[in-house]
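Residue strings, one per chain:
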Amino acid sequence: MAGMQEQEFIWKNGELIPWKDATVHVLSHALHYGTAVFEGARCYETADGGSECFRLLEHMQRLERSANMIMMPLPYSAEELAEATIRLIKACGLSRAYIRPIAFRGYNMLGVNPSANPIEVAIAAWPWDSYLGPEAIEKGIDVEISSWRQRSPNATPGAIKSSASYLNSGLANMEAIGNGFGEAILLNEAGMVAEGSGENLFAVRRGVLTTPPLSDGVLEGLTRASLIELAHDLGYEVREASMVRSDLYVADEVFFSGSAAELTPISHIDRRQIGAGRRGPVTKQLQEAFFDIVQGKNSKYDKWLTRI
Ligand code: PPE
């Protein structure tokens with residue numbers, strides 16, 4: 001049973017190869033020590049029947065930054081990886097897709113130090129519905145504040161989108177799902193609100209948007225950056241400021257942002273109703289503006305789109 005919609009090809013180390021052949025050795029360094037960095041991006045069908053990737057080059061530039069921070073210089077430039085993605089999407093005949101580039105230390109030698117291992121790069125793309133469920137986009141989800149803390153920036157920095165970071169996410173997400181919630185929100189070691197296990201987070205109160213600053217250890221989300229700019233353009237005040245958990249309880253609206261999750265409203269946190277307990281007006285306005293942009297319906301933001 002395939003959990004994902006398999007495609008004909010995966011791009012690996014410069015070539016399009018059959019999906020089923022894109023395997024790694026069990027003694028690959030990344031599997032043992034988490035020496036991998038990855039990305040998540042999307043391409044969307046546009047109103048004119050075409051298809052566009054959202055901030056594709058910037059995702060590849062973040063991959064490059066992540067890789068450089070773990071001293072893993074990529075053998076391909078961000079531009080080359082963006083081109084490879086377009087080639088892959090065309091070859092698979094996809095018009096909408098989730099895109100997962102990954103770079104990792106492969107097989108040669110075990111031991112914590114990765115430097116003797118080859119640097120491998122792969123890109124996969126397949127159709128993937130909004131991460132927290134298509135219904136959640138309208139209804140919102142119930143979340144809990146995790147008992148797990150966000151990994152410290154002095155241990156595994158959020159600025160590095162590394163596979164290693166996602167064990168922390170997995171612990172929080174498994175706990176939340178096990179407790180009957182849809183997702184977790186993590187607090188950092190200082191007790192400030194950080195982010196979801198795979199999403200950034202925004203709170204809206206009296207028309208002002210607040211999102212945790214990068215210095216609180218969150219991923220520099222491209223959806224987050226896009227929404228900050230978009231909300232400004234729509235006339236909202238947006239603050240990057242630390243929040244404690246009760247700031248979320250008293251918010252009028254809280255929502256998640258991410259490439260996979262898109263804009264997902266949060267209806268309850270720790271069984272407390274947030275605002276009206278469903279998608280609020282600011283969330284709805286931003287969602288609509290965001291989906292218009294990714295579908296190429298707002299030429300002002302064409303700078304964020306790469307034509308397939
Ligand atoms: N924080 C975390 C921890 C995170 O994983 C993501 C993306 C974001 C914020 C939002 O970043 P951006 O996509 O650039 O807006 N998470 C990726 C993987 C999710 C997964 O579960 O896998 C994603 O959304 O693709």
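Each value, and the rule that gives it
Residues numbered from 1 in each chain as written. Predicted model: local features only at pLDDT ≥ 70, side-chain atom pairs only at ≥ 80, totals over all residues. Heavy atoms only, no water. Near = heavy atom within 4 Å. Polar contact = N/O pair within 3.5 Å; in protein donor to acceptor, adjacent residues only side chain to side chain. Areas by Shrake-Rupley, 256 points an atom, 1.4 Å probe, with all protein chains shown as cover. Helix = DSSP H or I, 4+ residues; strand = E, 2+ residues; numbered from the N terminus. Nonpolar A, V, L, I, M, F, W, Y, C, P; charged D, E, K, R; others polar. Domains from an automatic or database assignment. Core = buried A, V, L, I, M, F, W, Y, C linked by side-chain atoms within 4.5 Å. Buried < 20%, exposed > 50% of the residue type's maximum accessible area, 1.4 Å probe, protein only. Contact = heavy atoms within 4.5 Å. Disulfide = S-S within 2.5 Å. Expected span 1.5 Å × (residues − 1). Arc of directions from axis to C-beta. Phe/Tyr/Trp six-rings, centres within 6.5 Å; stacked < 30°, edge-to-face > 60°.

J.: I'd love a proper account of the site of the ligand, names of residues and values included.
T.: Near the ligand lie 22 residues; those nearest to it are Y98, Y166, E195, T223 and S259. A distance of 2.4 Å is found between an oxygen atom of the ligand and a side-chain nitrogen or oxygen belonging to Y166. Within the complex, 95% of the 550 Å² of free accessible area of the ligand lies under protein. For the shell around the ligand, the secondary-structure elements that each account for two or more residues are α2 (56–69), β6 (97–105), β10 (193–196), α6 (222–233) and β14 (253–258). The residue inventory of the shell around the ligand, partitioned by class, reads six nonpolar, 11 polar and five charged. Two domains share the shell around the ligand, each providing at least three of its residues, namely domain 1 (9–126) and domain 2 (136–294).

J.: Before we move on, can you summarise the nonpolar core with the specific residues and values?
T.: Residues M60, L74, L81, I99 and I123 are the most contacted members of the largest nonpolar core, which totals 27 residues. Here this core takes eight residues from helix α3 (residues 78–92), the largest share from any one element. Leaving out residues up to four positions away in the same chain, M60 has contacts with A78, L81, A82, T85, P101 and I123. Judged by nonpolar contacts, the second largest core, of 24 residues, contains I137, L230, Y236 and V282.

J.: Just give me the short version of the environment of V250, but keep the residues and values in it.
T.: Mapping V250 onto the fold places it in the loop between α7 (245–249) and β14. In this structure V250 comes out as partly exposed when scored by relative accessible area, which is 40%.

J.: So what's going on with the state of the cysteines? Which residues, and what values?
T.: The tally for this structure, following the rule as stated, stands at zero disulfides. In this structure C43 is a free cysteine whose sulfur lies 4.5 Å from that of C53, the closest cysteine sulfur available. The exposure class of C43 is buried, given its relative accessible area of 2%. Sulfur of C92: no disulfide; nearest cysteine sulfur belongs to C43 and is 10 Å away.

J.: Please provide a residue-by-residue account of α3, values included.
T.: Compared with an ideal rise of 1.5 Å per residue, which puts 15 residues at 21 Å, α3 spans 21 Å between its outermost C-alpha atoms and is within 8% of the ideal. Listing the buried residues of α3 in full gives A78, L81, A82, A84, T85, I86, L88, I89 and C92. Phi turns positive one or two residues past the end of α3, at G93, with a value near 65 degrees.

J.: Tell me what's going on with helix α5 (residues 165–178), and back it up with residues and numbers.
T.: Under the 1.5 Å per step criterion, the end-to-end length of α5 is 21 Å for 14 residues, consistent within 8% with the ideal 20 Å. Turning to α5, its buried residues number three or more, namely S165, N168, S169, A172 and A176. All buried residues of α5 lie within an arc of 95 degrees about the axis, which places them on one face of the element. Counted as exposed and oriented over 90 degrees from the buried face of α5: L167, M174 and G178.

J.: I'd like a description of the packing of aromatic side chains, backed by residues and values.
T.: Evaluated as defined, the whole model comprises 11 aromatic pairs. With a centroid separation of 4.9 Å and an interplanar angle of 55 degrees, the aromatic rings of F38 and Y166 are classed as tilted. With F38 in strand β3 (residues 36–38) and Y166 in helix α5, this pair connects stretches of sequence that are 128 residues apart. F38 gets classed as buried once you look at its relative accessible area, which sits at 8%. Judged by centre distance (4.7 Å) and plane angle (80 degrees), the ring pair of Y98 and W128 falls under edge-to-face. With Y98 in strand β6 and W128 in the loop between β7 (119–126) and α4 (136–139), this pair connects stretches of sequence that are 30 residues apart. Judged by relative accessible area, which is 4%, Y98 ranks as buried. Here W128 falls in the partly exposed class, since its relative accessible area comes to 30%.

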